[in-house]
Amino acid sequence: MRPITATINLEALRHNYEVARRHARGAKAMAVIKANAYGHGLMRAARALAEADGYALVELDAAVRLREAGYRQRIVLLEGFFDVRELAVIMEHKLATVIHSSEQLDMMKDVPAGAQLDVMLKLNTGMNRLGFQASEFQAALARVKAHPAVGSITLITHFANADDDKGVAWQLRMLERVAGADSLPRSLANSAAILRHPETHADWVRPGIMLYGCSPFPDSTGEDVGLKPVMTLASELISIRELVAGDAVGYGGGFVAEHPIRIGVVACGYADGYPRHAPTGSPVLVGGTLTHTLGRVSMDMLSVDLSAISDARVGTRVVVWGEGNPVEHVAHAAGTVGYELLCAVAPRVRIIEEP
Ligand SMILES: *Cc1c(COP(=O)(O)O)cnc(C)c1O
């Protein structure tokens, strides 16, 4: 069997949820488990966070699976429904839904009274992705309030810059201006806002990436903000070679040795979810020592520099990311964010659960 595995540390996941809740003090926290819980496994994450106040995701089939598995908490669909049939499924399973567009409001016109649909009405405060415009919001709210099938209404918005210097104040000002007088419960904060902007915590926070131990900020790791990595993607060296000056490594000869060098080949490639665009120099932990990749990433393999790791041999453990080699560092080297790497772990990678 190929030696690549993703170990999922459920204790770390619970720890990180508690960190989110501690930051948010009185607010309730819906665990964001979209995209297969950011690559960690939907049911696995839900089970580890069985005590969560609620769950949030974007995939209706996954939300239904959660409900059918017996989870009774609020389960929110962050993009809502895409057609009327989905709306019927949402009501049948008592899911909560974001409503962000007048098209969705139109789809609700045939819903019978008494369904008690929990709605999160979305205001666009500057992200300019989903949500009613400031000028439309009050009319949308009036339509939702007047609808006989609506149970609770929560105001939701999303921050575009909670993780950088632009911050959240400009979006909060818009929120107050448009909906400040409505005494609706509010859900505003993603991970970055939970960690950095306590004024956004309100009634429900929405921690995503921080649950998985990854920092939402470009200049820190999860550990820096009190989180524990949940996923460790690990493999082994399956070949070791000595190169002489002039030898090239991998497709296209992307790395050429300038002097004799010992290299190792790791059973991990882009078909496992490792980013193909990670350049020479991306960090890898080999037998407990930090080193880096060499040359182009292949489908099933990548190569690493062993010049400083003389005791490395075939079978030596390699941490691709996770414990000892933060996913944020690998992501930074590859010009992306930890979110993308975690979500992309391929189905062929064997999962090991650590309770
Ligand atoms: C994904 C998502 C979140 C979680 O964001 P993180 O940065 O992962 O904490 C929160 N709210 C909405 C609407 C989302 O789509």
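These numbers were taken from a predicted model, which means no experiment stands behind them. (Residues numbered from 1 in each chain as written. Predicted model: local features only at pLDDT ≥ 70, side-chain atom pairs only at ≥ 80, totals over all residues. Heavy atoms only, no water.)

**Student:** So what's going on with empty space enclosed by the protein? Residues and values would help.
**Tutor:** Applying the stated criterion across every chain yields a total of 1 cavity of 30 Å³ or more. Broken down by class, the residue content of the lining of the largest cavity amounts to 3 nonpolar, 4 polar and 2 charged. (1 Å grid on protein atoms, 1.4 Å probe; cavity = no way out; pocket = protein on both sides within 12 Å on 5 of 7 lines; lining within 4 Å. Points joined across faces, edges and corners; volume = space filled by probe spheres on them. Nonpolar A, V, L, I, M, F, W, Y, C, P; charged D, E, K, R; others polar.)

**Student:** So, the layout of surface pockets: which residues are in play, and what are the values?
**Tutor:** Empty space within the largest pocket amounts to approximately 590 Å³. Forming the walls of the largest pocket are 25 residues, and the residues nearest its centre are Lys34, Met127, Arg129, His158 and Asn190. Elements represented by at least two residues in the lining of the largest pocket include exactly helix H2 (34-39) and helix H9 (191-196). A per-class count over the lining of the largest pocket returns 14 nonpolar, 5 polar and 6 charged. In this structure, the second largest pocket encloses a volume near 220 Å³. Taken together, 16 residues form the lining of the second largest pocket, with Phe217, Pro218, Glu328, Thr336 and Val337 sitting closest to its centre. Of all the elements in the fold, those that place two or more residues in the lining of the second largest pocket are helix H10 (327-333) and helix H11 (338-343). No other element matches H10, which puts 4 residues into the lining of the second largest pocket. Considered class by class, the residues forming the lining of the second largest pocket number 7 nonpolar, 6 polar and 3 charged. (Helix = DSSP H or I, 4+ residues; strand = E, 2+ residues; numbered from the N terminus.)

**Student:** I'd like to hear about the environment of alanine 35, residue by residue, with values.
**Tutor:** Turning to its location among the elements, alanine 35 is positioned in helix H2. As a C-alpha pair, alanine 35 and leucine 195 span 160 residues in sequence and 22 Å in three-dimensional space. In this structure alanine 35 touches Glu59 and Cys343, once residues within four positions along its chain are discounted. (Contact = heavy atoms within 4.5 Å.)

**Student:** Tell me what's going on with the pairing of strand S15 (residues 289-294), and back it up with residues and numbers.
**Tutor:** Where strand S14 (residues 283-286) and S15 come together, 4 bridges link them in antiparallel fashion. Paired with proline 283 across the strands is histidine 292, a residue of S15. Joining the antiparallel neighbours S14 and S15 is a turn of 2 residues, in which glycine 287 adopts a positive phi near 55°. As paired elements, S15 and strand S16 (residues 302-305) share 2 bridges and run antiparallel to each other. Each residue of the ladder has a partner; that of threonine 293, found in S16, is valine 304. (Pairing = 2+ DSSP bridges.)

**Student:** Can you lay out the domain arrangement of the protein for me, pointing to particular residues and giving the numbers?
**Tutor:** Split by domain assignment, the protein resolves into domain 1 (10-214) and domain 2 (231-354). One C-alpha centre belongs to domain 1, the other to domain 2; they are set 37 Å apart. Across the contact, 12 residues belong to domain 1 and 10 residues belong to domain 2. Counting every contact that joins domain 1 to domain 2 gives 2 salt bridges. Linking domain 1 with domain 2 are 3 residue pairs in polar contact (both at pLDDT 80 or more). The leading source of residues in the side of domain 1 that touches domain 2 is H2, at 3 residues. Residue composition of the side of domain 1 that touches domain 2, grouped by class: 6 nonpolar, 3 polar and 3 charged. (Domains from an automatic or database assignment. Salt bridge = Lys/Arg side-chain N within 4 Å of Asp/Glu carboxyl O. Polar contact = N/O pair within 3.5 Å; in protein donor to acceptor, adjacent residues only side chain to side chain.)

**Student:** Please set out helix H8 (residues 169-179) residue by residue, giving values where relevant.
**Tutor:** Taken residue by residue, H8 has Gln171, Leu172, Leu175, Val178 and Ala179 as its buried positions. Viewed end-on, H8 has its buried residues packed into an arc of 135°, placing them on one side of the element. For H8, the exposed residues set more than 90 degrees away from the buried face come down to Arg173 and Arg177. (Buried < 20%, exposed > 50% of the residue type's maximum accessible area, 1.4 Å probe, protein only. Arc of directions from axis to C-beta.)

**Student:** Residue-level account of the side chain of glutamine 171, with values.
**Tutor:** Within the secondary structure, glutamine 171 is located in helix H8. Looking at glutamine 171, the relative accessible area reads 0%, which means it is buried.

**Student:** Any chance you could break down the side chain of threonine 157 for me, citing the residues and the numbers?
**Tutor:** Its location among the elements puts threonine 157 in the loop between strand S7 (150-156) and H8. We classify threonine 157 as buried; its relative accessible area is 1%. Of the polar contacts made by the side chain of threonine 157, one reaches the side chain of threonine 125; its length is 2.8 Å. Sequence-distant contacts of threonine 157, defined by excluding residues within four places in its chain, comprise Lys122, Leu123, Thr125, Leu175, Ser187, Leu188 and Arg206.

**Student:** Break down the site of the ligand for me, citing the residues and quoting the values.
**Tutor:** Every residue close to the ligand is listed here: Val32, Lys34, Tyr38, Leu78, Lys122, His158, Asn190, Ser191, Arg206, Gly208, Ile209 and Tyr339. Here arginine 206 contributes a side-chain N or O atom positioned 2.8 Å from a nitrogen atom of the ligand. Compared with its free state, where it exposes 390 Å², the ligand has 92% of that area covered by protein. (Near = heavy atom within 4 Å. Areas by Shrake-Rupley, 256 points an atom, 1.4 Å probe, with all protein chains shown as cover.)

**Student:** Explain unusual backbone geometry residue by residue, including any values.
**Tutor:** You will see that asparagine 36, though not glycine, has its phi angle at about 55°, which is positive. The residue asparagine 36 is located in helix H2 in this model. The phi dihedral of lysine 94 falls on the positive side, at around 50°, and the residue is not glycine. Tracing the chain through its elements places lysine 94 in the loop between helix H5 (84-92) and strand S5 (96-99). Take lysine 94: its relative accessible area is 61%, and that puts it in the exposed class.

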